[in-house]
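As a plain string of letters, each chain reads:
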Amino acid sequence: MTEPAPREMRLMRASCRRGTAACPIRNCDQRGWKAEQPAGRWGGAGRPAPTRQCSISGVLPPSLPAMAHAARLLAALAALLAAAATGDARPSKIGLRHRREVGGRSAIFNGENFVLEETDWYLLNLFRLWWHYGISFLRLQMWVEEVMEKFMRIYKYQAHGYAFSGVEELLYSLGESAFVNMTQRSVAESLLQVGVTQRFIDDVVSAVLRASYGQSAAMPAFAGAMSLAGAQGSLWSVEGGNKLVCSGLLKLTKANVIHATVTTVTLQPTEGKPLYRVRYEDEAGTGSDSYDIVVIATPLHLDNSSTIAFEGFDPPIDVVQGSFQPTVVSLVHGYLNSSYFGFPDPKLFPFANILTTDFPSFFCALDNICPVNISASFRRKQPQEAAVWRVQSPQPLLRSQLKTLFRSYYSVQTAEWQAHPVHSPHTPLPRFTLHDQLFHLNALEWAASSVEVTAVAAKNVALLAFNRWYQDLDKIDQKDLVHKVKTEL
């Protein structure tokens, strides 16, 4: 066997620091190779898991250098699946060991059987991905990283005070026409163009998008890339927020945040800068006040019965977008019906997180949740014990559907909300600027919807309002910022 290069050796050493047996890699002095494995499914129902020391030549395919180079990407994909299964898109450095002890193992279910199963064996997971999908997971990672590398330019632009009046202008400044085109092209189409196989899209990518957005790989590529990156936890760092910008805005005019339902924004005729009259309703009744700057921080869409009316604007303002995607989360305390997933004996059911590919289906993801604060003595419930499961579904679960997933249950608590837009390649990109000093923060979520993207939009609107108020127009909608920012350093 060809001896791996030093960098590749380091990658393999990093994956074998558990247990007590010696690592089988030649010249590797690390102790801790996984020598024992609990019994369970491996390569098919009824087969026992391997229990002896693993030989590298029996696990890895012949192309060892390429596989070693891909080792770090497996961890990213495993984190992606786990984050999607748990609905957690926050930055995370949780590794496989932590997930095995607390987060549990993940699998992807197609409605009839599991198309991908995570095991406790790191190299076996890697081999399965390679065997079933070739280098598709590498190509996916490279595609996402390329998109994220360009999108992260926004932080540098905002640090220099630049802002954008529309979503299209913002995207063009980051990735030129490629980013704009990604909002009009599907995830599946974009991934096929970079060499990702249809099978990988159907099995893995669709499962992650269903858990993140409740939508399929037909959604726009830009929103899909942001979802995949968010699930991996590989992008975001938004510390600091808009403190400096907001402190400047507070000097402009009297600040007033309305904690009420805004019904109408009316443009009032004044000399010089525009003045906006805002009418609202709260528990005390109706009220109104006038403002120099108005920022609307609520979705304006067809499903929102409280959509704000705009009066006195010429031309009229029409910002109503499409529909929002309903999301239902059900917390079920009960006994999982493992037979539905092909495990007649619940003691042998090994998974804590299940994603689905069958679209449409009555549920998108299922996971065994843990307490927020985990003590040192915490022990995850065994599969045959009653536990709290979170079920994500597009509609409230019927009683018959609950009985499909659970043998019996004690309680069900349900929350339903309009989570994010129904992303479509045919949706026009809205603008942040509705009028001279009237802004809409939620415009960016029609290109991609997440907490981190909303934070980017919030800072953009704050900078936009600031620059417009002081007529610093050189900081708005500037082109070729990649080179301009470099010259300012």
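Each value, and the rule that gives it
Residues numbered from 1 in each chain as written. Predicted model: local features only at pLDDT ≥ 70, side-chain atom pairs only at ≥ 80, totals over all residues. Heavy atoms only, no water. Helix = DSSP H or I, 4+ residues; strand = E, 2+ residues; numbered from the N terminus. Buried < 20%, exposed > 50% of the residue type's maximum accessible area, 1.4 Å probe, protein only. Contact = heavy atoms within 4.5 Å. Areas by Shrake-Rupley, 256 points an atom, 1.4 Å probe, with all protein chains shown as cover. Pairing = 2+ DSSP bridges. Bend = angle between axes of the 7 residues up to and from the residue. pLDDT = per-residue confidence, 0-100. Axes fitted to C-alpha atoms, helices over the stretch in contact; angles between N-to-C directions. Salt bridge = Lys/Arg side-chain N within 4 Å of Asp/Glu carboxyl O. Phe/Tyr/Trp six-rings, centres within 6.5 Å; stacked < 30°, edge-to-face > 60°. Polar contact = N/O pair within 3.5 Å; in protein donor to acceptor, adjacent residues only side chain to side chain.

1. Some points on the overall build of the protein
Then, in step 1: Secondary structure assignment for the protein yields 16 helices and 16 strands.
Then, in step 2: Expressed as a percentage of the 489 residues in the protein, the buried residues total 49%.
Then, in step 3: Within the protein, contacts between residues separated by at least 24 positions form 67% of all contacts whose residues are at least 6 apart in sequence.
Then, in step 4: Within the structure as shown, the protein displays about 23800 Å² of accessible surface, and the carbon and sulfur contribution to it stands at 53%.

2. Quick notes on the pairing of strand 4 (residues 114-117)
Then, in step 1: Of the pairings in the sheet, the one linking strand 3 (residues 105-109) to strand 4 comprises three bridges and is antiparallel in character. By the bridge assignment for strand 4, alanine 107 is matched with glutamate 117.
Then, in step 2: Taken together, strand 3 and the strand that follows it, strand 4, pair antiparallel across an intervening segment of four residues, in which glycine 111 is found at a positive phi of about 100 degrees.

3. What to know about helix 11 (residues 198-213)
Then, in step 1: At valine 205, helix 11 shows its strongest bend, of approximately 35 degrees.
Then, in step 2: Among the 16 residues that make up helix 11, 12 are buried, leaving the element largely enclosed by the rest of the structure.
Then, in step 3: Looking one or two places after helix 11, you find glycine 214, whose phi comes out positive at around 70 degrees.

4. Examining the confidence of the model for the protein
Then, in step 1: Within the protein, residue pLDDT values average 74, and 71% of them lie at 70 or more.
Then, in step 2: Scored below 50 in pLDDT, residues 97-101 shows 10 contacts in the model against residues more than four places distant or in partner chains.
Then, in step 3: Under a pLDDT of 50 for its full length, residues 233-255 has, in the predicted model, 34 contacts with residues more than four places off or in other chains.

5. With respect to the pairing of strand 6 (residues 275-282)
Then, in step 1: In the sheet, strand 5 (residues 261-268) pairs with strand 6 via seven bridges, with the strands oriented antiparallel. Bridging from a neighbouring strand, valine 265 pairs with valine 278 of strand 6.
Then, in step 2: As consecutive antiparallel partners, strand 6 and strand 7 (residues 285-291) are separated by two residues.

6. As for the sheet that holds strand 8 (residues 294-296)
Then, in step 1: Pairing is mixed in the open sheet, where three strands are placed in the order 8-16-15. The sheet is open, and its two borders are formed by strand 8 and strand 15 (433-435), each paired with just one other strand. Strand after strand, the sheet turns through a mean of 25 degrees between neighbouring axes, direction not considered.
Then, in step 2: Of the pairings in the sheet, the one linking strand 15 to strand 16 (residues 438-440) comprises two bridges and is antiparallel in character. Pairing of threonine 433 across the sheet is with phenylalanine 439, part of strand 16.

7. Focus: the pattern of salt bridges
Then, in step 1: As enumerated under the stated definition, the model contains six salt bridges in all.
Then, in step 2: In this structure, the salt-bridge partner of glutamate 169 is arginine 431, at a minimum N-O distance of 2.9 Å. Taken together, the positions of glutamate 169 in helix 9 (residues 167-182) and arginine 431 in the loop between strand 14 (406-421) and strand 15 put the pair 262 residues apart, joining distant regions of the chain.
Then, in step 3: The exposure class of arginine 431 is partly exposed, given its relative accessible area of 37%.
Then, in step 4: As a salt-bridge pair, arginine 199 and aspartate 203 come within 3.8 Å of each other at their nearest N and O atoms.

8. Thoughts on the packing of aromatic side chains
Then, in step 1: Counted according to the given criterion, the structure contains 21 aromatic pairs.
Then, in step 2: With a centroid separation of 6.0 Å and 55 degrees between ring planes, the pair formed by phenylalanine 151 and phenylalanine 222 is classed as tilted. Taken together, the residues phenylalanine 151 in helix 7 (residues 136-151) and phenylalanine 222 in helix 12 (residues 221-232) connect sequence positions 71 residues apart.
Then, in step 3: Phenylalanine 222 sits in the buried class, given a relative accessible area of 1%.
Then, in step 4: Ring plane angle 85 degrees and centroid distance 5.4 Å describe the contact between phenylalanine 343 and phenylalanine 349, whose orientation is recorded as edge-to-face. This pair shows no difference in class: phenylalanine 343 is buried, exactly as phenylalanine 349 is.
Then, in step 5: Connected via pairs of aromatic rings, a cluster forms that spans Phe109, Phe114, Tyr340, Phe341, Phe343, Phe349 and Phe351.

9. Points about the environment of arginine 431
Then, in step 1: A C-alpha to C-alpha distance of 9.3 Å links arginine 431 and asparagine 442, two positions 11 residues apart in sequence.
Then, in step 2: If we ignore the near neighbours within four places in the chain, the residues touching arginine 431 are Ser165, Gly166, Val167, Glu169, His440 and Ala443.
Then, in step 3: Side-chain polar atoms of arginine 431 contact the side chain of serine 165, separated by 2.8 Å.
Then, in step 4: Engagement of the side chain of arginine 431 in a polar contact is seen with the side chain of glutamate 169, the distance being 2.9 Å.

10. A closer look at the sheet that holds strand 6
Then, in step 1: Taken together, four strands build an open sheet; the order of strands is 7-6-5-9 and the sheet is mixed. Both outer strands of the open sheet, strand 7 and strand 9 (309-311), are each paired with one neighbouring strand and no more. Each strand axis lies, on average, 20 degrees off the axis of its neighbour in the sheet, ignoring direction.

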